[in-house]
Amino acid sequence: MKKINFNNIGLVDLHLHLDGSLSLNSVKSLIRLNGMKNCYNDDELLNKLQVSDGCKDLNEYLEKFDFPLTLLQTEESLKLAVHNLLDELKMQGFIYAEVRFAPQFHTSNGMSQEQAVAAAIEGMKKAELDSNLILCCMRGTDNHEENIETVRVAKKFLNNGVAAIDLAGAEGLFPTKDFRDIFEMASEEGIPFTIHAGEADDFKSVEDAISFGASRIGHGVRSVENEKVLSELAKKKIALELCPTSNLNTNIYKDISEYPVKKLMDAGVIVTINTDNIMVSNTDIKKELSMLAETFGFDEADIRRFERNAIECSFADDELKIKLISKYKLQ
Ligand SMILES: [Zn+2]
């Protein structure tokens with residue numbers, strides 16, 4: 001198998017969580033910035049931030065966000081974390097990224113959701129990479145007000161750093177169908193959205209997300225269980241944000257050879273390849289793309305097509321999309 005040469009490919013990530021993607025350097029800087037004492041060596045830090053090979057499921061995976069979130073409770077920390085992440089992506093050969101986070105998880109020291117988002121946007125503007133933020137609403141039963149506030153804040157910063165909202169969290173415990181009102185509100189406000197669906201829960205979750213009007217689906221791999229859902233995704237050009245290693249971590253698949261990327265493509269579904277959580281999953285976009293190339297025989301033209309798909313179905317405005325596609329020859 002020929003190795004993919006990434007030098008000529010402009011990389012894109014549409015599904016990337018800030019709190020799960022802090023580099024070790026970033027974490028150390030944040031510890032210092034927060035005036036905390038770092039009582040861990042690098043291995044111990046990695047242990048706190050990364051899933052082990054024995055990770056059981058999505059719920060265990062989600063526990064790895066606890067520590068980084070304690071470091072992201074001030075405006076300065078958020079600014080630094082977003083700036084660092086985008087700089088790191090730029091160094092890797094990225095041309096565009098959509099970074100997501102849940103502002104309601106950054107309020108434990110008194111910061112408001114609005115302040116958190118304003119700080120993240122400031123960090124974003126300091127970096128040189130073209131990017132947008134996606135604000136995550138969270139699955140749960142006692143945070144409805146917080147989710148409504150996230151929609152309000154998204155509207156306030158829409159097209160000024162924020163491009164969309166999302167629904168994240170434990171899909172198996174809190175089904176997508178219970179969050180219809182959040183997305184009705186987003187639709188009324190003209191806020192585009194993606195929804196994590198068909199990951200820990202089955203294809204019906206994707207069906208619900210489509211019925212809400214989602215522009216994209218986070219993961220969505222379990223759509224392969226139902227022909228009707230597949231054809232609807234294809235017909236409506238609703239792209240899937242695939243994150244292969246993350247799905248291996250949460251034991252949706254035991255081996256990458258089971259990953260349904262080909263089945264989805266054969267059904268005419270638009271797929272994009274993403275990392276989900278660079279630190280938690282110990283991955284990066286080149287690893288994800290190389291793993292798929294090795295397993296399924298994709299070549300550089302295929303990889304280029306994934307990146308073009310990603311730009312086309314990104315939440316970037318049309319002007320930026322056209323610029324990126326022509327500048328990086330993604331046709
Ligand atoms: Zn995700």
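Presented here is a report on the structure given in the accompanying data block. (Residues numbered from 1 in each chain as written. Predicted model: local features only at pLDDT ≥ 70, side-chain atom pairs only at ≥ 80, totals over all residues. Heavy atoms only, no water.)

1. Points about the pattern of salt bridges
Part 1 of the argument: Applying the stated rule across the entire model yields 19 salt bridges.
Part 2 of the argument: Put simply, Asp 166 and Arg 100 hold a salt bridge, and the shortest N to O gap is 2.9 Å. Taken as a pair, Asp 166 in strand S4 (residues 162–168) and Arg 100 in strand S2 (residues 94–101) lie far apart in primary sequence, 66 residues in all. Across this residue pair, the class does not change: Asp 166 and Arg 100 are buried.
Part 3 of the argument: Between Glu 241 and Arg 216 there is a salt bridge; the shortest N-O distance is 2.7 Å. On the criterion of sequence distance, the pair formed by Glu 241 in strand S7 (residues 239–242) and Arg 216 in strand S6 (residues 216–219) is long-range, its members being 25 residues apart. Here Glu 241 and Arg 216 have matching classes, each one buried.
Part 4 of the argument: A cluster of three or more residues bridged by salt bridges with shared partners is formed by Glu 98, Arg 100, Asp 166, Arg 216 and Glu 241. (Salt bridge = Lys/Arg side-chain N within 4 Å of Asp/Glu carboxyl O. Helix = DSSP H or I, 4+ residues; strand = E, 2+ residues; numbered from the N terminus. Buried < 20%, exposed > 50% of the residue type's maximum accessible area, 1.4 Å probe, protein only.)

2. Re the packing of helix H6 (residues 113–126) against helix H7 (residues 144–157)
Part 1 of the argument: At a minimum axis distance of 9 Å, the contact between H6 and H7 shows a crossing angle of 40°. Relative to H7, H6 is oriented oblique. For H6 against H7, the interelement crossing comes out right-handed. Residue-level inspection shows Gln 113, Glu 114, Val 117, Ala 118 and Ile 121 of H6 in contact with H7, the latter providing Glu 146, Glu 149, Thr 150, Arg 152, Val 153, Lys 156 and Phe 157. (Axes fitted to C-alpha atoms, helices over the stretch in contact; angles between N-to-C directions. Parallel < 35°, antiparallel > 145°, perpendicular 65-115°, else oblique. Left-handed = near helix turned anticlockwise from the far one by under 90°. Contact = heavy atoms within 4.5 Å.)

3. A short note on the side chain of Thr 176
Part 1 of the argument: Among the secondary structure elements, Thr 176 is positioned in the loop between S4 and helix H8 (180–189).
Part 2 of the argument: The class of Thr 176 is buried, set by a relative accessible area of 1%.
Part 3 of the argument: Polar side-chain contacts of Thr 176 include one of 2.7 Å to the side chain of Ser 205.
Part 4 of the argument: Apart from residues lying up to four places away in sequence, Thr 176 is in contact with Arg 139, Glu 171, Ile 195, His 196, Ala 197, Ser 205, Asp 208, Ala 209 and Phe 212. (Polar contact = N/O pair within 3.5 Å; in protein donor to acceptor, adjacent residues only side chain to side chain.)

4. Topic: the coordination of the zinc ion
Part 1 of the argument: Protein coordination at the zinc ion comes from His 15 (NE2), His 17 (NE2), His 196 (NE2) and Asp 276 (OD), with a distance range of 2.1 to 2.3 Å.
Part 2 of the argument: Given four donor atoms and angles of 82 to 168° at the metal, the environment of the zinc ion is assigned as irregular.
Part 3 of the argument: Ordering the donors of the zinc ion by residue number gives the pattern H-x1-H-x178-H-x79-D. Taken together, the residues span a long stretch of sequence, with His 17 in strand S1 (residues 11–17) and His 196 in strand S5 (residues 194–197) at a distance of 179 residues.
Part 4 of the argument: Residue classification places His 17 among the buried residues on the basis of a relative accessible area of 10%.
Part 5 of the argument: On the basis of relative accessibility, which here comes to 5%, the residue His 196 falls in the buried class. (Donors = N, O, S within 2.8 Å, 3.2 Å for Na, K, Ca; no water. Tetrahedral: all angles 85-135°; square planar, octahedral: opposite > 155°, others 65-115°.)

5. Re the pairing of S7
Part 1 of the argument: Across the two faces of S7 the burial is the same, with Ala 239 and Glu 241 and Leu 240 and Leu 242 all buried.
Part 2 of the argument: As paired elements, S6 and S7 share three bridges and run parallel to each other. For Gly 218, the partnering residue across the bridge sits in S7 and is Glu 241.
Part 3 of the argument: Traced from S6 through helix H10 (residues 227–235) to S7, the parallel crossover comes out right-handed.
Part 4 of the argument: Summarising the sheet, S7 and strand S8 (residues 271–273) pair through three bridges and their orientation is parallel. By the bridge assignment for S8, Leu 240 is matched with Val 271. (Pairing = 2+ DSSP bridges. Right-handed = clockwise from strand over helix to strand, strands pointing away.)

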